[in-house]
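If you want the building blocks of each chain, they are given just below.
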Amino acid sequence: MNLLVTGGCGFIGSNFVRYWLRQHPGSRVIVYDKLTYAGRKENLNDLWGHDGLRLVVGDIGDMHLVRRTCQEQNIDLIVNFAAETHVDQSILGPLVFTDTNVRGTHVLLEVARELGIRLHHISTDEVYGHIRAGHQSVETDELAPRSPYAASKAAADQLVQAYAITYGIPVTITRGANNVGPYQYPEKAVPLFSTNAILGEPLPIYGDGLQMRDYAHVYDHCTGIETVLLKGKIGEVYNVGTGREMTNLEMVDIVLTTLGKDHALVRHVTDRPGHDRRYSMNVDKLRALGWEPKYDPKQAVAEAAKWYVDNHWWWEPIRSGEFREYYNRQYAERLSGADQ
Ligand code: NAD
Ligand code: TYD
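Residues numbered from 1 in each chain as written. Chains lettered and ligands numbered in written order. Predicted model: local features only at pLDDT ≥ 70, side-chain atom pairs only at ≥ 80, totals over all residues. Heavy atoms only, no water.

**Remarks on the site of ligand 2**
Note the threshold: Consider each residue's heavy atoms; a residue with any of them within 4 Å of a molecule or strand counts as near. By the criterion applied in these results, polar contacts are pairs of N or O atoms within 3.5 Å in which, for protein atoms, one can donate a hydrogen and the other can accept it, and in which residues neighboring in sequence qualify only through two side-chain atoms. Secondary structure follows DSSP: runs of H or I at least 4 residues long count as helices, runs of E at least 2 residues long count as strands, and numbering of each begins at the N terminus. In this count, Pro and Cys sit with the nonpolar residues alongside Ala, Val, Leu, Ile, Met, Phe, Trp and Tyr, while Asp, Glu, Lys and Arg are called charged and the others, Gly among them, polar. Start and end points for every domain follow an automatic or database-based domain assignment.
With respect to spatial proximity, 21 residues lie near ligand 2, and among them Glu126, Arg213, Arg272, His275 and Tyr331 are the closest. Contact distances for ligand 2 include 2.8 Å between an oxygen atom and a side-chain N or O atom of Asn248. Here an oxygen atom of ligand 2 and a side-chain polar atom of Tyr331 are 2.6 Å apart. Of all the elements in the fold, those that place two or more residues in the shell around ligand 2 are helix H3 (87-92), helix H6 (189-199) and strand S8 (203-206). Its residues assigned to classes, the shell around ligand 2 comprises 10 nonpolar, 5 polar and 6 charged. In terms of domain composition, the shell around ligand 2 takes at least three residues from each of domain 1 (2-180 + 215-240) and domain 2 (189-213 + 246-275 + 298-336).

**Details of the nonpolar core**
Formally: To qualify as a nonpolar core, a set must consist of buried Ala, Val, Leu, Ile, Met, Phe, Trp, Tyr and Cys residues joined through side-chain atoms within 4.5 Å. Residue exposure (1.4 Å probe, protein chains only): buried if accessible area is under 20% of the type maximum, exposed if over 50%, otherwise partly exposed. A contact between two residues is defined here by any heavy atoms of the two lying within 4.5 Å.
Residues Phe193, Met251 and Val252 are the most contacted members of the largest nonpolar core, which totals 38 residues. Split by domain, this core shows at least three residues from each of two domains, domain 1 (2-180 + 215-240) and domain 2 (189-213 + 246-275 + 298-336). Sequence-distant contacts of Val252, defined by excluding residues within four places in its chain, comprise Phe193, Leu203, Ile205 and Val266. By size, the runner-up hydrophobic cluster in this structure holds 27 residues, among which are Ile60, Ile78, Leu108 and Val111.

**Some details on the site of ligand 1**
Basically, it comes down to this: Areas reported here follow the Shrake-Rupley algorithm with a probe of radius 1.4 Å; residue values treat only the protein chains shown as occluding.
Around ligand 1, the surrounding shell holds 28 residues, and the nearest of these are Ile12, Asp33, Thr85, Tyr149 and Lys153. Between ligand 1 and Leu35 there is a distance of 3.4 Å, counted from an oxygen atom to a backbone nitrogen or oxygen. A distance of 3.0 Å separates a nitrogen atom of ligand 1 from a polar atom in the side chain of Thr100. If ligand 1 stood free it would expose 840 Å²; the protein chains cover 97% of that surface. Mapped onto the shell around ligand 1, the elements with two or more residues apiece are helix H1 (11-23), strand S5 (118-124) and helix H5 (148-167). Here the shell around ligand 1 takes 3 residues from S5, the largest share from any one element. Looking at the shell around ligand 1 residue by residue, the classes come out as 12 nonpolar, 12 polar and 4 charged.

**A closer look at H1**
A turn of α-helix holds 3.6 residues, and therefore any two residues three or four places apart point the same way. The condition that has to hold: Under the convention used throughout, the expected extent of a helix is 1.5 Å for every residue step, that is, one less than its residue count.
A rise of 1.5 Å per residue sets the reference length of H1, with its 13 residues, at 18 Å; its end C-alpha atoms lie 19 Å apart and thus fit the reference within 8%. For H1, the buried fraction is high: 11 of the 13 residues fall into the buried class. Phe11, Ile12, Gly13, Ser14, Asn15, Phe16, Val17, Arg18, Tyr19, Trp20 and Leu21 are the residues of H1 that are buried.

**Some remarks on the packing of H6 against helix H11 (residues 312-320)**
Convention followed: Orientation is described by lines fitted to C-alpha atoms, with helices fitted over the stretch in contact, and by angles between N-to-C directions that extend from 0 to 180 degrees. Roughly parallel covers angles under 35 degrees, roughly antiparallel covers those over 145, roughly perpendicular covers 65 to 115, and oblique covers all other angles.
Orientation of H6 relative to H11, taken along the N-to-C sense of each, is 90°, at an axis distance of 12 Å. In terms of orientation, H6 and H11 fall into the roughly perpendicular class. Packed against H6, whose contacting residues are Leu192, Thr195, Asn196, Ile198 and Leu199, the element H11 presents His312, Trp315 and Arg319 at the interface.

**Quick look at the pattern of salt bridges**
The line we're drawing: The salt bridge criterion pairs a side-chain nitrogen of Lys or Arg with a carboxyl oxygen of Asp or Glu, the two atoms within 4 Å.
Throughout the structure, instances matching the rule amount to 17 salt bridges. Here Asp88 and Arg272 are joined by a salt bridge, their closest N and O atoms 2.7 Å apart. Of the two residues, Asp88 sits in helix H3 while Arg272 sits in the loop between strand S13 (266-269) and helix H9 (284-287), which places them 184 residues apart along the sequence. Take Asp88 and Arg272: they sit in the same class, and that class is buried. In this structure, Arg319 and Glu201 form a salt bridge, with 3.6 Å as the shortest nitrogen-oxygen distance. Here Arg319 is found in helix H11, whereas its partner Glu201 is found in the loop between H6 and S8, with 118 residues between them in sequence. In this structure, a network of salt bridges that share partners links the residues Glu201, Arg319 and Arg324.

Right, here's the structure in full:
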């Protein structure tokens, strides 16, 4: 099989490429990536030079390049990870989220339709909005996104479904829970808190820290996507997570305990506007295909925190570069008025 993996230099995409090439040695993977701040060639340092891997640098919104790449590389399957992905960045500068997540996905759908290629789209639990206590989202629930990021992902998710209905093109969708693991850009909570703790810097917890997330290991997301690619029903949507959540305070406790760092580093800071209180998904539909997560969320967070201890080479250049400017913009004022 020849796969076009868009966003393959990002966090989940690079983990997926590594996993896929190991499990399916005869496959070819073309990574198609714009290399934004979150797209890092070094995420695949161990794999460049592999016969089955190639990189095309490009924007998923560039229809000519997407079409030409699919034709030249004889692509059978597009797996779309490419996106702007951080809620806080979507609050600071939302328009690029529509450009990439909505229009970019739309371009991929048009090319898939024209060339008769299957498309698998990576969506998120955030499309369901925040979930009242006692409920777990199922795939047929209505979408009720609440941030510019989530709204752009919901629009993409619905476009993919609309193309399947209107044009009958072969698509599948997975909606992933919060992922943690190797190569996650340190703007996201677990890598931010892990690297801050290692550096002895304060950990900025938004509001009361009682928001709940299902912190799933990226490995289980990759096996979930593989399961849907191999056994999923065309036209269907599948949730991928563990089905278990914890509060952010519990997550921070695991990070600090794993790293042997002091809880005095915790600071409660001004909350994120529109902060979703709880995500929670039912994953029985994917389980019915024979998939099971290997990690529980506590293990997943601990393993992720340890990775940052062992991989300073990866995150130190990021943290000392352009990330610093974003960090100051997002946190300087919050931390100056913070409570312990
Ligand atoms: P990431 O931010 O680490 O990586 C995104 C990748 O997409 C980068 O390599 C970037 O260069 C690339 N990209 C961005 N805009 C592009 C464009 N216009 N054209 C081509 N490439 C472009 O993201 P991630 O955390 O790996 O998330 C991957 C996918 O999984 C996204 O679709 C995201 O919405 C979804 N998802 C993420 C999580 C999570 O917890 N991280 C959970 C569920 C779903
Ligand atoms: P994040 O990793 O940004 O993922 P998402 O918002 O997509 O769930 O954040 C995970 C949780 O951690 C979320 O409830 C927001 C919270 N959080 C903080 O409390 N402080 C922070 O500095 C960040 C980045 C996130």
